[in-house]
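# Observations on the three-dimensional arrangement
Residue strings, one per chain:
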Amino acid sequence: MTGPIDFAAVFDRLPTPYMMLDRDLRYVAANQSYLDTLGRAWDEIAGAYVFDAFPSEGESRERLEASFLRARDGGKPDHLPLIPYAIERPAHLGGGFEDRIWSATNTPIPCPDGKTAYIVQHTQDVTAIQRLKEVAFGRGEMAMLQDDVLLRAGAAGAQNEDLRRLFMQAPSFMAVLRGPEHRFDLVNNAYSQLIGWRDVVGLPLREALPEVVEQGFVTLLDRVTASAEAFVGREIKVALQRTPDGPLEDRFLDFIYQPIIEPDGSVSGVLVEGSDVTDKVLAGEQQRLLLDELNHRVKNTLATVQAIARQTLRGALTPEAFARAFEARLLALSQTHNALTDSQWAGAGLRQILGQELAPYDPARIVMDGPDLNLPARVALSLGMVFHELATNAAKYGALSSESGRLLLTWRVDAPGMLSFEWREAGGPGVTVPSRRGFGSRLIERSIGGELRGQVAIDYEPTGLACRFTVSLDRVF
């Protein structure tokens, strides 16, 4: 069987803050949670007038005192859902005043004659909740805190936890900077990830992120604090150290610096909120480059088609011959374009291009000796036309025009990035030097020597034509 309940012990062990005042608003009791929350010992406040123990002037003092008097004189509990009230920190904690936000219920305790003998206050420090509310919803939603849920310890704790989870897991980066030094007060996970998971809470910006000082961000924050006007940045470039002792890394950010304005109009800090849009910016730059490149390629392709048409017409004896030769050359150009499209214009394989141009002929009569190479787009387009002209000439006049002829194709890459290629024909009809330079030879010389700035030599050896050329695979045109 248990003995009488020790209500004094129960009161002292309650996990949430409680204190008791007499009719004159002097302390008669306080539990340990209350003393811990305010950083005081009982012997410091025992019997003290509440506003001597925690002095304040202005609206906060008036609101709290009015609540005490309503509870005392009206005999009914009085609620203060939200009240800013600065408390004086004890000397051993550094002294000075600290701005805090509270939620309180003042309950009258009557004596036998029905008059109020004592006032019991249940109070909650909701400073962290309010700051998270500001981050999550903006200061305009301050009134959302003013409901009964904040008057219950369990619900207030749940609200605190929910808001902290919302803040920490938000996809956009968030931070709260306080005071003239822009000292980090709150930082969520996305912000921590952005700055390389550095421990910055409690540190001024200059010390926490020294690399941003010379980039003008401290000056910008000073301006927001002084003007009480928000700053909105779009695709702002910032260099950040995202790994310990690592190099600075450029990131592009959309963000807002929102001043935190107190009821008296002063700016106590800045809310930072934004998104890392680096991937979007780089994708946009890549898209612009691709559009410029596409425009360049279209112009080059049209110029090539124009040259093909002009030269083919000059060498054709009949309209039908022109149509056949022009169509074949456009098809060769189209095939190379298809190969490049398959790789998103990252290049095309040398063997792939040769295979396309030599596909109509017996592979047993074609010997290829050389490594497979990925040719840059510009090189692939030019060599596709060159191989088409050489194959067409071999089929009409050279090695592929007879059953015994063969093609011997060899190539190698010499440093630094130079392709050396030889097209040699053997076993075909005897070769004589032509009396005039045809379109094929002019196209080869223009493609290799002009467009690719390489060197080319065509030898009409009696045993078979030989074409040798060298081009750079590294040069940017």
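Just so it is clear, the structure is predicted and the values come from calculations on it, not from any experiment.

With that out of the way, let us pick up the pairing of strand β18 (residues 455-461). Bridge count between β18 and strand β19 (residues 464-472): seven bridges; the pairing is antiparallel. The partner of Val-456 across the bridge, within β19, is Phe-469. Taking the residues between adjacent antiparallel strands as the criterion, β18 and β19 are bridged by two residues.

Okay, helix α10 (residues 217-227) next. Along α10, the residues that are buried comprise Phe-217, Val-218, Leu-220, Leu-221 and Val-224. Projected down its long axis, α10 carries its buried residues within an arc of 160°, all on one side. In α10, the exposed positions that point more than 90 degrees away from the buried face belong to Arg-223 and Ala-226. Residue Ala-228 follows α10 closely and has a positive phi angle near 60°.

The next subject is the sheet that holds strand β7 (residues 116-125). A sheet is described by the order of its strands in space; here five strands give the open sequence β2-β1-β7-β6-β3, paired in antiparallel fashion. Strands with a single pairing partner mark the edges of an open sheet, and in this sheet they are β2 (27-30) and β3 (78-84). Pairwise comparison of adjacent strand axes, ignoring direction, gives a mean angle of 25° for this sheet. In this sheet, strand β6 (residues 101-110) lies alongside β3 in antiparallel orientation, the contact comprising five bridges. Paired with Asp-78 across the two strands is Asn-106, which belongs to β6. Against the sheet, helix α5 (residues 59-74) contacts β1 (18-22), β3, β6 and β7, and its axis sits at roughly 170° relative to β3.

A few words on helix α14 (residues 377-396). At 3.6 residues per turn, the α-helix brings residues three or four places apart onto the same side. When the terminal C-alpha atoms of α14 are compared, their 29 Å separation across 20 residues agrees well with the 28 Å that a helix rising 1.5 Å per residue should span. α14 sits mainly inside the fold: 15 of its 20 residues count as buried.

As a further point, take the packing of aromatic side chains. For the coordinates displayed, the defined rule picks out 14 aromatic pairs. Summarising the aromatic geometry, the rings of Phe-173 and Tyr-191 are spaced 5.9 Å apart at their centres and angled 70° between planes, so their arrangement reads as edge-to-face. Of this pair, Phe-173 sits in strand β8 (residues 173-178) while Tyr-191 is found in helix α8 (residues 189-194), placing the two residues 18 residues apart along the sequence. Phe-173 sits in the buried class, given a relative accessible area of 4%. Residue classification places Tyr-191 among the buried positions, given a relative accessible area of 9%. Arranged with centres 5.9 Å apart and planes meeting at 40°, the rings of Phe-231 and Phe-255 form a pair that is tilted. Highlighted residues: Phe-231 in strand β10 (residues 231-241) and Phe-255 in strand β11 (residues 248-261), separated in sequence by 24 residues. By the ring-pair criterion, three or more aromatic residues cluster together here, those being Phe-387, Trp-411, Phe-421, Trp-423 and Phe-469. Its end group placed over the ring of Phe-51, Arg-61 keeps NZ or CZ at 4.1 Å from the ring centre.

Moving on to the nonpolar core. Core analysis: the largest hydrophobic core is formed by 32 residues, its most contacted members being Leu-375, Leu-383, Phe-387, Leu-407, Leu-409 and Trp-423. Among the elements of the structure, α13 (350-358), α14, β16 (406-414), β17 (418-426), α15 (439-451) and β19 are those that each provide at least two residues to this core. If one sorts the elements of this core by residue count, α14 sits on top with eight residues. Excluding residues that lie within four positions of it along the chain, Phe-387 makes contacts with Leu-350, Ile-353, Leu-354, Glu-357, Phe-421, Trp-423 and Phe-469. Of all hydrophobic cores here, the second largest spans 27 residues; its members include Phe-173, Phe-184, Val-213 and Leu-220.

As a further point, take the sheet that holds strand β9 (residues 183-187). Read from one edge of the open sheet, five strands run β9-β8-β12-β11-β10, paired in antiparallel fashion. Across the chains shown, the open sheet's two edge strands, defined by having one partner strand only, are β9 and β10. This sheet shows a mean twist of 35° between the axes of neighbouring strands, independent of strand direction. Across the sheet, α10 touches β8, β10, β11 and β12 (267-276), and the angle it forms with β11 is around 15°.

This part covers the pairing of β10. Judged from the nine bridges that link them, β10 and β11 form a sheet pairing that is antiparallel. Its bridge partner being in β11, Gly-233 is matched across the sheet by Phe-255. Hairpin connection between β10 and β11: a loop of six residues separates the two successive antiparallel strands, and Asp-245 in this loop has a positive phi of roughly 60°.

Definitions and limits used
- Residues numbered from 1 in each chain as written.
- Predicted model: local features only at pLDDT ≥ 70, side-chain atom pairs only at ≥ 80, totals over all residues.
- Heavy atoms only, no water.
- Pairing = 2+ DSSP bridges.
- Helix = DSSP H or I, 4+ residues; strand = E, 2+ residues; numbered from the N terminus.
- Buried < 20%, exposed > 50% of the residue type's maximum accessible area, 1.4 Å probe, protein only.
- Arc of directions from axis to C-beta.
- Axes fitted to C-alpha atoms, helices over the stretch in contact; angles between N-to-C directions.
- Contact = heavy atoms within 4.5 Å.
- Expected span 1.5 Å × (residues − 1).
- Phe/Tyr/Trp six-rings, centres within 6.5 Å; stacked < 30°, edge-to-face > 60°.
- Lys NZ or Arg CZ within 6 Å of the ring centre and 35° of its normal.
- Core = buried A, V, L, I, M, F, W, Y, C linked by side-chain atoms within 4.5 Å.

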